[in-house]
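Take a look at the letters that make up each chain.
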Amino acid sequence: ERSSILSNYYKITTYKGKLYLHAGDTNASSSVTVMNDFWVYDPTVGTDGRWDKLSPTGDIPPVARGRSFVTAGPYIFMVSGGAGYSGTDTWVYKP
């Protein structure tokens, strides 16, 4: 499985000492695959930290890259996006 960790156009934010990363694309030389991955990095696990893929429940945002991604209070907000999808929607995740 390809992961957003190795992609372009991803967004990242922090919450309670962890990094949260979403989307991106593979940007291969002949084609682009837009990702909809959601990952968390915990630097306190082991000696090098650890990346874990998240599997949120409920409504999942459509595949997009270049979203605005910000933390406010106990929530992570994702707004709009690109790559075949454009809109003014807002998605909320509560870790």
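Higher on the page you've got the structure.
Everything quoted here is computed from the prediction, not taken from an experiment. (Residues numbered from 1 in each chain as written. Predicted model: local features only at pLDDT ≥ 70, side-chain atom pairs only at ≥ 80, totals over all residues. Heavy atoms only, no water.)

K.L.:
Can you walk me through the overall build of the protein in this structure?
P.N.:
Along the backbone of the protein there are zero helices and seven strands. Taking all 95 residues of the protein together, 32% fall into the buried category. Element-wise, carbon and sulfur atoms account for 51% of the exposed surface of the protein, whose accessible area totals about 5800 Å². (Helix = DSSP H or I, 4+ residues; strand = E, 2+ residues; numbered from the N terminus. Buried < 20%, exposed > 50% of the residue type's maximum accessible area, 1.4 Å probe, protein only. Areas by Shrake-Rupley, 256 points an atom, 1.4 Å probe, with all protein chains shown as cover.)

K.L.:
I would appreciate a short explanation of the pattern of salt bridges in the present structure.
P.N.:
Oppositely charged side chains are able to pair whenever their charged atoms sit close together. For the structure on display, the rule yields two salt bridges. For Asp42, the salt bridge identified is with Lys18, shortest N-O distance 3.9 Å. Residue Asp42 is found in strand β3 (residues 38-42), and its partner Lys18 is found in strand β2 (residues 18-22); the two are separated by 24 residues along the sequence. Judged by relative accessible area, Asp42 falls into the buried class, the value being 16%. Residue class for Lys18 comes out partly exposed when judged on its relative accessible area of 30%. (Salt bridge = Lys/Arg side-chain N within 4 Å of Asp/Glu carboxyl O.)

K.L.:
Before we go on, may I ask you to explain a nonpolar patch on the surface in this structure?
P.N.:
A surface patch of nonpolar side chains, about 270 Å² in accessible area, is lined by Tyr10, Ile12 and Trp51. By the secondary structure assignment, Trp51 is in strand β4 (residues 50-53). Classification of Trp51 by relative accessible area gives partly exposed; the value is 31%. (Patch = residues over 30% accessible without salt bridge, like charges linked within 9 Å, V, L, I, M, F, W, Y side chains within 5 Å.)

K.L.:
Please clarify how the environment of Asp89 should be interpreted in this entry.
P.N.:
In this fold, Asp89 is placed in the loop between β6 (75-79) and β7 (90-93). Between the C-alpha atoms of Asp89 and Val79, which are ten residues apart in sequence, the distance is 5.8 Å. With near-sequence residues (within four places) excluded, Asp89 lies in contact with Pro62, Arg67, Met78, Val79 and Ser80. (Contact = heavy atoms within 4.5 Å.)

K.L.:
How should I be thinking about the sheet that holds strand β5 (residues 68-72) in this particular structure?
P.N.:
Within a sheet, neighbouring strands are paired by backbone hydrogen bonds and run either parallel or antiparallel to one another. Strand order in the open sheet formed by three strands is β5-β6-β7, with antiparallel pairing between adjacent strands. Looking at which strands have only one partner, the edges of the open sheet turn out to be β5 and β7. The average undirected angle you get between the axes of adjacent strands in this sheet is 25 degrees. Direction of pairing for β5 relative to β6: antiparallel, over a ladder of five bridges. Residue pairing for β6: Thr71 is matched across the bridge by Ile76. (Pairing = 2+ DSSP bridges. Axes fitted to C-alpha atoms, helices over the stretch in contact; angles between N-to-C directions.)

K.L.:
What's the story with the nonpolar core in this structure? I'm lost.
P.N.:
Within soluble globular proteins, side chains that are nonpolar tend to cluster in buried spots. If you look at the biggest cluster of nonpolar residues, it comprises nine residues: Tyr15, Tyr20, Phe38, Val40, Leu54, Phe69, Ile76, Met78 and Tyr93. When residues of this core are traced back to their parent elements, those giving at least two are β3 and β6. When near neighbours in sequence (up to four residues on either side) are disregarded, Tyr20 contacts Lys11, Ile12, Thr13, Tyr15, Phe38, Trp39, Val40, Leu54, Phe69, Ile76, Tyr93 and Pro95. (Core = buried A, V, L, I, M, F, W, Y, C linked by side-chain atoms within 4.5 Å.)

K.L.:
Looking at this structure, how should I read the packing of aromatic side chains?
P.N.:
For any two aromatic rings, the description comes down to two numbers: the centre-to-centre distance and the angle of the planes. In total, this model carries six aromatic pairs according to the counting rule given. On the basis of an interplanar angle of 45 degrees and a centroid distance of 6.3 Å, the ring pair of Tyr20 and Phe38 is categorised as tilted. Of the two residues, Tyr20 sits in strand β2 while Phe38 sits in strand β3, which places them 18 residues apart along the sequence. Tyr20 gets classed as buried once you look at its relative accessible area, which sits at 6%. On the numbers, 4.8 Å between centres and 80 degrees between planes, the contact of Phe38 with Tyr93 is edge-to-face. Of this pair, Phe38 sits in strand β3 while Tyr93 sits in strand β7, placing them 55 residues apart in sequence. Each member of the pair Phe38 and Tyr93 is classed as buried. Clustering of aromatic rings is evident, with ring pairs tying together Tyr20, Phe38, Phe69 and Tyr93. (Phe/Tyr/Trp six-rings, centres within 6.5 Å; stacked < 30°, edge-to-face > 60°.)

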